[in-house]
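# Architecture and fold: a report
If you want the building blocks of each chain, they are given just below.
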Amino acid sequence: MDDPKPKPLKSHGRKTIRPTLKPRELMTHTPELAKIWKAQVITLLPDAFPGILGQSLTGRALKDGLWQLEAIDLRLFGEGKHRNVDDTPAGGGAGMVLRPDVMAAAIDHARPKIAAHAHLIYLSPRGKPLTQHMAQSLAGGPGVTLICGRFEGLDQRVIDHYGIAEVSLGDFVLTGGEIAAQAVIDATVRLLPGVLGNEASTEEESFADGLLEHPQFTRPAEWRGMTIPDVLMSGHHGEIAKWRKAQSEALTKERRPDLWSERNATTSGKDISE
Ligand SMILES: C[S@@+](CC[C@H](N)C(=O)[O-])C[C@H]1O[C@@H](n2cnc3c(N)ncnc32)[C@H](O)[C@@H]1O
């Protein structure tokens, strides 16, 4: 069974992942990285990867071998001369549906290349909304295989057969699952050890404690007649922490009563203001 915890950089062939690589080259198969957190993406648009994930902190971490990415072209598993991947919906209606046999061939190709207990997820507007808790749980595992739908989506039988979990980016309809897949990967990869320079920053941001984050300020001390709250300039760390907590709680109560009551329910018995 694969070790779910990514290993420190130096023990995983960093030499083969050169910082000079272009984003697409970062996805080159590297067997020596077998135990590093891995995202596989089954998609009709493999060139959409790494996309934004090849930039900034996630891009640097990819170059440094802290995680790995494989885009699997669904078209290669298509049927016939034209490599068809879709067909008309049974029962009629608009659009096309991704065929179960084609998707199953792609899944069967992908799964042996990732740890057996890696999550298998179909990005779908009908899925469970993506949450920070979900990202934390994915980050604690060996990796994930993400299936991007297109057209009217995926034949239900393949979802049922493989017991695929459905995850949604929110209550809206995207053209395809690629943007949602990148969101899942981004939210997860930044939680992997070593990806963010400052480990403490993920503990203090929104949702980490079931609360939205307090407002942030920086220089200049006065901008367009508006000043930074005095307490933040006081240097009094205890008072600053109290102010931030009070702001977080007030914002959460006002903007996300759902999160607020969920937090109260999970901390019942405790004084929430402590
Ligand atoms: C045009 S959508 C299909 C929408 C589907 N007919 C419906 O009404 O639920 C095509 C693909 O985009 C992806 N997608 C669309 N909206 C999404 C969302 N909110 N979250 C995650 N994936 C989404 C899914 O992979 C979906 O199969």
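Residue positions are given per chain, counted from 1 along the sequence in the order it is written. Thresholds applied to this predicted model are a pLDDT of at least 70 for local features of residues and 80 or more for the giving and counting of side-chain atom pairs; totals over whole chains, interfaces and linings are not thresholded and use all residues.

### Digging into the overall build of the chain
On a plain count of helices and strands, the chain comes out with nine helices and nine strands. Note on contacts: residues are paired as contacts if their backbone-placed C-beta atoms lie within 7 Å. Across the chain, the fraction of contacts at a sequence separation of at least 24, relative to all contacts at a separation of at least 6, is 77%. Per the convention used, a helix needs a DSSP run of H or I reaching at least four residues, while a strand needs a run of E reaching at least two, with both numbered from the N terminus.

### What about the site of the ligand?
Here is the check we use: build the C-beta atom from the backbone, and if it is within 6 Å of the molecule or strand, call the residue near. Not every one of the 20 residues close to the ligand is listed here, only the nearest: Leu 123, Gly 149, Gly 153, Gly 177 and Ala 180. Of the residues forming the shell around the ligand, the biggest block, four residues, is contributed by strand E5 (residues 119-129). When residues are sorted by character, Ala, Val, Leu, Ile, Met, Phe, Trp, Tyr, Cys and Pro go into the nonpolar class, Asp, Glu, Lys and Arg into the charged class, and all the rest, Gly among them, into the polar class. Tallied by class, the residues present in the shell around the ligand amount to nine nonpolar, eight polar and three charged.

### Side note on the environment of Ile 185
Checked against the element boundaries, Ile 185 lands in helix H5 (residues 178-189). Counting other C-beta atoms within 10 Å of each residue's C-beta, where C-beta atoms are placed from the backbone, gives the exposure class: buried for 20 or more, exposed for 12 or fewer, partly exposed between. Residue classification places Ile 185 among the buried residues on the basis of 26 C-beta atoms within 10 Å. Each C-alpha atom of the pair Ile 185 and Leu 53 lies 8.0 Å from the other, and the pair is 132 residues apart in sequence.

### Digging into helix H3 (residues 132-139)
Of the positions making up H3, those classed as buried are Ala 135, Leu 138 and Ala 139. Each buried residue of H3 sits inside an arc of 100° when the element is viewed along its axis, so together they form one side. Residues of H3 that are buried sit in contact with E5, strand E6 (143-148) and H5. Along the arc lie the directions from the helix axis toward the C-beta atoms.

### A word on the nonpolar core
What we call a nonpolar core is a set of buried Ala, Val, Leu, Ile, Met, Phe, Trp, Tyr and Cys residues whose membership is set by joining through C-beta atoms within 7 Å. Val 41, Leu 123, Leu 146 and Ile 147 are the most contacted members of the largest nonpolar core, which totals 48 residues. Counting residues per element, this core draws most heavily on H5, which supplies five residues. With near-sequence residues (within four places) excluded, Val 41 lies in contact with Phe 49, Ala 71, Ile 72, Leu 146, Cys 148 and Ala 181.

### Points about the pairing of E6
Of all six residues in E6, six are buried; the element is thus mostly enclosed. By definition, two strands form a pair when at least two bridges between them are found by DSSP. As judged from the five bridges shared by strand E1 (residues 38-43) and E6, these two strands associate in the parallel manner. Note on E6: the bridge partner recorded for Gln 40 is Thr 145. The pairing of E5 with E6 spans five bridges and is parallel. Looking at the pairing, Tyr 122 lines up with Ile 147 of E6.

### Brief notes about the sheet that holds E5
The five strands are arranged E2-E1-E6-E5-E7 in an open sheet whose pairing can be described as parallel. Bordering the open sheet on either side are strand E2 (68-73) and strand E7 (165-168), each of which pairs with just one other strand. Averaged over all neighbouring strand pairs, the angle between strand axes comes to 30°, with direction disregarded. Strand direction decides the pairing type here: E5 and E7, joined by five bridges, are parallel. The convention used is that axes are lines fitted to C-alpha atoms, helices contributing only their stretch in contact, and that angles between N-to-C directions extend from 0 to 180 degrees.

### With respect to unusual backbone geometry
Following Phe 49, the chain continues to Pro 50 via a peptide bond in cis, the omega torsion being 5°. Take Pro 50: it is sitting in the loop between E1 and helix H1 (56-63). Arg 219 connects to Pro 220 through a cis peptide bond whose omega is 0°. Looking at the secondary structure, you find Pro 220 in the loop between helix H6 (200-204) and strand E8 (222-223). Despite not being glycine, Ser 56 shows a phi value in the positive range, around 50°. If you trace the backbone, Ser 56 turns up in helix H1.

### Let's talk about H5
Every helix has an expected span of 1.5 Å times one less than the residues it contains. Spanning 12 residues, H5 covers 16 Å between terminal C-alpha atoms, matching the ideal 16 Å at 1.5 Å per step. Every buried residue of H5 is accounted for by Glu 178, Ala 180, Ala 181, Gln 182, Val 184, Ile 185, Thr 188 and Val 189. Buried residues belonging to H5 abut E1, H1, E5, H3, E6 and E7.

### Some points on the UniProt feature "binding site: S-adenosyl-L-methionine" (unreviewed entry) in the chain
Mapped onto this numbering, the UniProt entry annotates "binding site: S-adenosyl-L-methionine" (unreviewed entry) at Gly 149, Leu 169, Gly 170, Asp 171, Phe 172, Val 173 and Leu 174. By secondary structure assignment, the location of Val 173 is in the loop between E7 and H5. Residue Val 173 is classed as exposed on the basis of its 7 C-beta neighbours within 10 Å. UniProt positions are given in the numbering used here, feature names are shortened, and annotations may be inferred rather than shown by experiment.

### Overview of the environment of Gly 95
For Gly 95, the position within the fold is in the loop between strand E3 (86-87) and strand E4 (97-98). Distance from Gly 95 to Glu 152, taken between C-alpha atoms, is 5.9 Å for residues 57 residues apart in sequence. Setting aside its immediate chain neighbours within four residues, Gly 95 contacts Pro 89, Phe 151 and Glu 152.

### With respect to the confidence of the model for the chain
The predictor's confidence in any single residue is recorded as pLDDT, a number from 0 to 100. On average, the chain scores 88 in pLDDT, and the residues at 70 or more come to 84%. Considering only residues more than four positions removed or in separate chains, one finds that residues 1-19, a stretch of pLDDT under 50, has 37 contacts. Between residues 269-274, whose pLDDT stays under 50, and residues either more than four places distant or in other chains, the model counts two contacts.

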